[in-house]
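Listed here are the chains, written in short residue letters.
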Amino acid sequence: MEQTRHTETNLLMHNQKLTVEIQRRVDQLAAINTVAAVVSQSLDLNATLQTAMDAVLSVISVEASGISLIDERAGELVLRAQRGWKKDFVTTPMRIKLGHGMSGHVIATNEVVVTGDVSKDPRLVVPAVAEENIQAMAMAPMHARGKLIGVLSVMSYRPYDFDEQEISVLRAIADQVGVALDNAQLYETAHNQQMRLQAVLQSTADAIIATDENGVINLFNDAAERLFALRADETLGQTLGSIALPAELQSGLGRALAERADETMRHFDFALDTGYFLSAVISPVSAYPHLMGESKNGWVIVFQDITYLKEAERARIHFIQTAAHDLRNPLGVTLSALTMLQKSWKEPTALDKEVFGIALRGVNRMQDLIDDLMHLEKIESGVDLRREPIDMAALIENCAQDIGPSLADHDQHLQLHIASDLPPLVGDAGWMMRALANLLNNAHKYTPDGGQIVVSAYAEADPDGGHMVIAIQDDGPGIPLEAQGRLFERFYRVRQAENKAQGTGLGLAIVKSVAEKHQGYVTVQSAPGQGSTFTMVLPLQVPHAQ
């Protein structure tokens, strides 16, 4: 009977110990979960640090704690938060070189370090800590994303033995705090970067508008407010097409943003009614897909004031015009003198006629060269380029009438195939007429006597609002493939054709510049012995951006 009673007593005591141990484990797990929940409630780094201090001291029965974070750039461990210490080691942060002191041992071994009286520990490297009179301390490494980021310390001002269970809890809490602190640091870094970017965007002199993929404005900086006399709070959340931007700007933006499949940068210049010239650079912005599997795309539009560049262009063109005018005068005098001298000779010899012919052709070619250089400089600068509806059918017919006499002299035939529904083209009629005249003159020079020139003009629809095609076809000798890539360069002449046609070598360069200034392009299709076709493709007026 006595033996049975003793056995029951032992079993009861064992069960009681087991119950206490289970309850202790449950309490530890609850404490770990509590710490995780508490420290994850904020993404503010300082608030997270202070919350973590309170949470740690509520779980482990000691009086003080501290959190030190690794500063990889400085190669130091920096005390960022403390609770219960006698002295302040945070305002002027305590810094310990990595690899030194007790914390250095923690980082080197990646294990929890426990010590008794800190003042007697030979690894102590900060003498001021000895004055804290810490009698027991445990230091645990903190991890985040598989990386050691700092050290969590707990301290007692009375002798204290940290048992294995408390060390396990401390290790688990340290990693929970490490993850929370890492998240807070990431948030703080991202927030600071966002604030710096916002400050840059608002302080820059360039006007900046950002939109999402549907054209809804999500950024309208201070410079944009001043430039367009609009308020950001009235534009944010609105589409580009719904705000009061200049008509030409709306047209250019609509043309650029309509090309959604093309993720390249776009650029165009335009003038304001105030006399200012602006350059618009439109860049696509793509973000990585987020958790829902959707990508975030949009546009950033930067407007730069290029008025000073246009003024410099005007000054340069004025200089060229002045120089050209000064050159024309002596050329005119020379031409008049040669003409008078030629008339004064009663019986010029064949050599006299040849010499005078060479001189007259040289002077005339010099005058043509000066004119073409002036025209090319002016169109490439874009200064005073007008934007108005052009009746292209009438313009083509006028060009055909102007060149008619020259074609008749060589028995060349001109055919016009102009679509009856040809829409107007928005641009500069004067420059467009000069480009067409250059193409017709080029076809005339290389078409043999009795040959044929065909001009075609029609419109084609496309997602960007449509474009106009103007093609000039001749039945001349054709152009070698290796020469076609350089046809539109200044002064370039096809070698085998140099002696068959006279010119300045600038006509096609002018055509190219005129097409590009109208947001279009020019192409050539040719083969030796099969004639040539020069084609200008020009965008039609597009509706405002939506």
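The paragraphs below set out a description of the structure included in this document. (Residues numbered from 1 in each chain as written. Predicted model: local features only at pLDDT ≥ 70, side-chain atom pairs only at ≥ 80, totals over all residues. Heavy atoms only, no water.)

## Points about the sheet that holds strand 3 (residues 95-97)
Put simply, the rule is: Here the rule is simple: two strands pair whenever DSSP picks up at least two bridges between them. Helical segments are the DSSP runs of H or I of at least four residues, strand segments are the runs of E of at least two, and each set is numbered from the N terminus. The convention used is that axes are lines fitted to C-alpha atoms, helices contributing only their stretch in contact, and that angles between N-to-C directions extend from 0 to 180 degrees. Contacts between residues were defined by any pair of non-hydrogen atoms, one from each residue, lying within 4.5 Å.
The sheet built from 6 strands is open, its strands ordered 3-2-1-6-5-4 with antiparallel pairing. Single-partner strands in this sheet number two, and they are strand 3 and strand 4 (113-115). Along the sheet, successive strands turn relative to each other by an average axial angle of 25°, direction set aside. Here strand 1 (residues 64-71) pairs with strand 6 (residues 147-156) via 6 bridges, running antiparallel. The partner of Gly66 across the bridge, within strand 6, is Ser153. Contacting strand 1, strand 2 (76-83), strand 3, strand 4, strand 5 (136-144) and strand 6, helix 3 (residues 101-109) runs over the sheet at an angle of about 45° to strand 5. Contacts between helix 5 (residues 164-203) and the sheet are confined to strand 1, strand 4, strand 5 and strand 6, with strand 5 contributing the most and set at about 45° to the helix.

## Focus: the pairing of strand 15 (residues 452-460)
Bridging between strand 13 (residues 413-418) and strand 15 involves 6 bridges; their strand directions are parallel. Bridge pairing in strand 15 links Leu416 to Val455.

## Digging into the nonpolar core
We apply this condition: Working definition of a nonpolar core: buried Ala, Val, Leu, Ile, Met, Phe, Trp, Tyr and Cys residues. They are joined through side-chain atoms within 4.5 Å. Note on exposure labels: buried denotes an accessible area under 20% of the residue type's maximum, exposed denotes more than 50%, and partly exposed covers the range between, all computed with a 1.4 Å probe on protein chains only.
Counting residues in each nonpolar core, the largest one holds 38 residues, and the members touching the most others are Met392, Met432, Leu436, Ile470, Ile472, Phe534 and Met536. Secondary structure elements with two or more residues in this core: helix 11 (392-409), helix 12 (429-446), strand 15, strand 16 (467-474), helix 14 (507-517), strand 17 (521-526) and strand 18 (532-539). Aside from chain neighbours lying at most four places away, what touches Leu436 is Met392, Leu395, Ile396, Cys399, Ile470, Ile472 and Met536. One finds Ala138, Val154, Phe162 and Ile167 within the second-largest nonpolar core, a separate group that totals 27 residues.

## A short note on helix 12
Along an α-helix, residues three or four apart share an orientation, since each turn contains 3.6 residues. Our working rule: What a helix is expected to span follows from its residue count: subtract one and scale by 1.5 Å. Polar contact criterion, stated in full: a pair of N or O atoms within 3.5 Å, where within protein one must be able to donate a hydrogen and the other to accept it, and residues adjacent in sequence count only if both atoms are side-chain atoms.
Taking 1.5 Å as the rise per residue, helix 12 with 18 residues should run 26 Å; its terminal C-alpha atoms sit 26 Å apart, in good agreement. Taken together, the buried positions of helix 12 are Trp431, Met432, Ala435, Leu436, Asn438, Leu439, Leu440, Asn442, Ala443 and His444. Between the side-chain oxygen at the start of helix 12 and the backbone nitrogen of Gly430 there is a gap of 3.0 Å, and the oxygen is on Asp428.

## Comments concerning the pairing of strand 6
When you tally the buried positions in strand 6, you get 9 out of 10 residues, the bulk of the element. Alignment of strand 5 against strand 6, held across 9 bridges, turns out to be antiparallel. Considered in strand 6, the bridge of Met139 is made with Ser153. Joining the antiparallel neighbours strand 5 and strand 6 is a turn of 2 residues, in which Arg145 adopts a positive phi near 55°.

## Thoughts on unusual backbone geometry
Even without being a glycine, Asn133 presents a positive backbone phi close to 60°. Even without being a glycine, Asp411 presents a positive backbone phi close to 55°. Summarising the element assignment, Asp411 is placed in the loop between helix 11 and strand 13.

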